[in-house]
Amino acid sequence: MQRRTLIKSSLAAASVLLLGSALTPLPAAAQGTWPAGKAITYLVPFPPGGNTDTLARVVAQPLGQALGTPVVIDNKGGAGGSVGSAIAARAPADGYTILGGTISSHAINVSLYPKLDYDPVKSFTPIAMLGSGPLVLVVPAASPYKTLAEVLAASKAKAAAGGLSSASPGSGTSNHMALELLAYQTGVKFTHVPYKGSGPAVQDVIGGQVDMMFDTALVVGPHIQSGKLRPIAVTSSKRVESLPDVPTIAEAGEKGFDMGSWQAVFAPAGTPKPIVDRLHAEIMKIVATPEVQARLKAFGMVPSTMTPAELATFQKAEVAKWAQVIKAAGIKAE
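So, a few notes on the structure that sits alongside this text. What you see is a predicted model; the values in this text were computed from it and never measured.

1. As for the overall build of the protein chain
Piece 1. Counting secondary structure elements, the protein chain contains 12 helices and 10 strands.
Piece 2. Considering only C-alpha atoms, the protein chain reaches an extent of 105 × 40 × 30 Å along its principal axes.
Piece 3. The buried share of the protein chain, taken over its 334 residues, is 47%.
Piece 4. For the protein chain, the exposed area adds up to about 15800 Å²; of that, 58% sits on carbon and sulfur atoms.
Piece 5. A distance of 9 Å separates the average location of the 28 positive side-chain charges in the protein chain from that of its 21 negative side-chain charges.

2. Overview of helix α7 (residues 174-186)
Piece 1. For α7, spanning 13 residues, the distance from its first C-alpha to its last is 18 Å, which sits close to the expected 18 Å at 1.5 Å a residue.
Piece 2. Counted residue by residue, α7 has 10 buried out of 13 residues, so it is predominantly covered.
Piece 3. Every buried residue of α7 is accounted for by Ser 174, Asn 175, His 176, Met 177, Ala 178, Leu 179, Glu 180, Leu 181, Leu 182 and Ala 183.
Piece 4. Phi turns positive, to about 75°, at Gly 187, one or two residues after α7.

3. Concerning the side chain of Ser 165
Piece 1. One can find Ser 165 in strand β5 (residues 164-168).
Piece 2. What makes Ser 165 buried here is its relative accessible area of 15%.
Piece 3. In contact with Ser 165, not counting residues within four places along its chain, are Thr 191, Val 193, Gln 209, Val 210, Asp 211 and Met 212.

4. Here's the deal with the pairing of strand β1 (residues 40-44)
Piece 1. The element β1 is extensively covered by neighbouring structure, given that four of its five residues are classed as buried.
Piece 2. Pairing of β1 with strand β2 (residues 71-75) involves five bridges; the strand directions are parallel. Its bridge partner being in β2, Leu 43 is matched across the sheet by Asp 74.
Piece 3. With respect to chirality, the unit in which β1 leads through helix α3 (residues 51-67) into the neighbouring parallel β2 is right-handed.
Piece 4. Note that β1 and strand β3 (residues 97-102) share three bridges and pair parallel. The residue of β3 that forms the bridge with Tyr 42 is Ile 98.

5. Brief notes about the environment of Ala 79
Piece 1. Residue placement: Ala 79 occurs in the loop between β2 and α4 (82-90).
Piece 2. Between the C-alpha atoms of Ala 79 and Gly 172, which are 93 residues apart in sequence, the distance is 9.7 Å.
Piece 3. For Ala 79, the residues in contact, after removing those within four places along its chain, are Asn 109 and Tyr 113.

6. A word on the packing of helix α5 (residues 103-112) against helix α12 (residues 308-329)
Piece 1. It is at 8 Å that the axes of α5 and α12 come closest, and there the two elements cross at 40°. By the angle between their directions, the pair α5 and α12 is classed as oblique. The interaxial crossing formed by α5 with α12 has right-handed handedness. Contacts between α5 and α12 involve Ile 103, His 106, Ala 107, Ile 108, Val 110, Ser 111 and Leu 112 from the first element and Gln 315, Glu 318, Val 319, Trp 322, Ala 323 and Ile 326 from the second.
Piece 2. The class makeup of the residues in the contact of α5 with α12 is nine nonpolar, three polar and one charged.

7. Thoughts on α12
Piece 1. Spanning 22 residues, α12 covers 31 Å between terminal C-alpha atoms, matching the ideal 32 Å at 1.5 Å per step.
Piece 2. Residues Pro 308, Leu 311, Ala 312, Gln 315, Glu 318, Val 319, Trp 322, Val 325 and Ile 326 constitute the buried set of α12. Each buried residue of α12 lies within a common arc of 155° when the element is viewed along its axis, so the set occupies one face. Among the exposed residues of α12, those pointing more than 90 degrees away from its buried face are Ala 309, Thr 313, Lys 316, Lys 327 and Ala 328.

Parameters at a glance
- Residues numbered from 1 in each chain as written.
- Predicted model: local features only at pLDDT ≥ 70, side-chain atom pairs only at ≥ 80, totals over all residues.
- Heavy atoms only, no water.
- Helix = DSSP H or I, 4+ residues; strand = E, 2+ residues; numbered from the N terminus.
- Buried < 20%, exposed > 50% of the residue type's maximum accessible area, 1.4 Å probe, protein only.
- Areas by Shrake-Rupley, 256 points an atom, 1.4 Å probe, with all protein chains shown as cover.
- Lys, Arg positive; Asp, Glu negative; His and termini not counted.
- Charge placed at Lys NZ, Arg CZ, Asp CG, Glu CD.
- Expected span 1.5 Å × (residues − 1).
- Contact = heavy atoms within 4.5 Å.
- Pairing = 2+ DSSP bridges.
- Right-handed = clockwise from strand over helix to strand, strands pointing away.
- Axes fitted to C-alpha atoms, helices over the stretch in contact; angles between N-to-C directions.
- Parallel < 35°, antiparallel > 145°, perpendicular 65-115°, else oblique.
- Left-handed = near helix turned anticlockwise from the far one by under 90°.
- Nonpolar A, V, L, I, M, F, W, Y, C, P; charged D, E, K, R; others polar.
- Arc of directions from axis to C-beta.

As structure tokens, this is what we get:
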């Protein structure tokens, strides 16, 4: 009798365990090998048409082919990349959401905005650096300034009036931050003139309404070639391939100056390492192809080979660097 009761109890316990395991969701890895026929969302925290969106579309199709599953672009613009980044930070860390992060969304905004709904470092796992694009300091063709030394001297001479004016596509953009970094390192004052986009900013510099501006080679290159703008210097530590005769700001006398507008790919924090490693490997294969190398260089970008660990170290240094510059300049988001 006791034996029969014991058997019944054991069977009942086993049934409870089996029922419990049936009701308890299995870990993602146990449900199927990633990616298990489910589309991957590539969040772009900027509107369609910009550099981040364009690069995402360059990467998405071949990445989907390599992984055997669709990679769908989802644009969620706003607040310098903060809106889309916050959405990505809250997404499940299962490998089905990746984010196109930039110098703005993942280095500058944390010091620019009083409240940010994500931590640029803690909320994400770095996957891959796509590349970094230096900016070019340009003046109108009719400007009397031909060197960085002349630009700095002229701005010093006009310090009482706020210094030379410099256009940008908006406050807090990498273009604006390049100006503030130059002011921070040289102690020279400038007047920042924000616009709604690079287009109108460039036109006013060409027309002489504004003294100068920083922008990418993609934006100002055609105007340099047409003779409407004069390049003064580039912000990177090395000269730009498409502008071999234009010195770096460091070469022009401001040693240590190094700044690029970078583009990278991140995943929500906690995304399993095997998934991160696979994504990194596939994206790096795509970046290494001649077609994508040519596209990146056409954007004025230098393709990257950073590992996820190297990207993490680089990003932390960028956050600290721009925190110093923003604090010194007293900049606040509009």
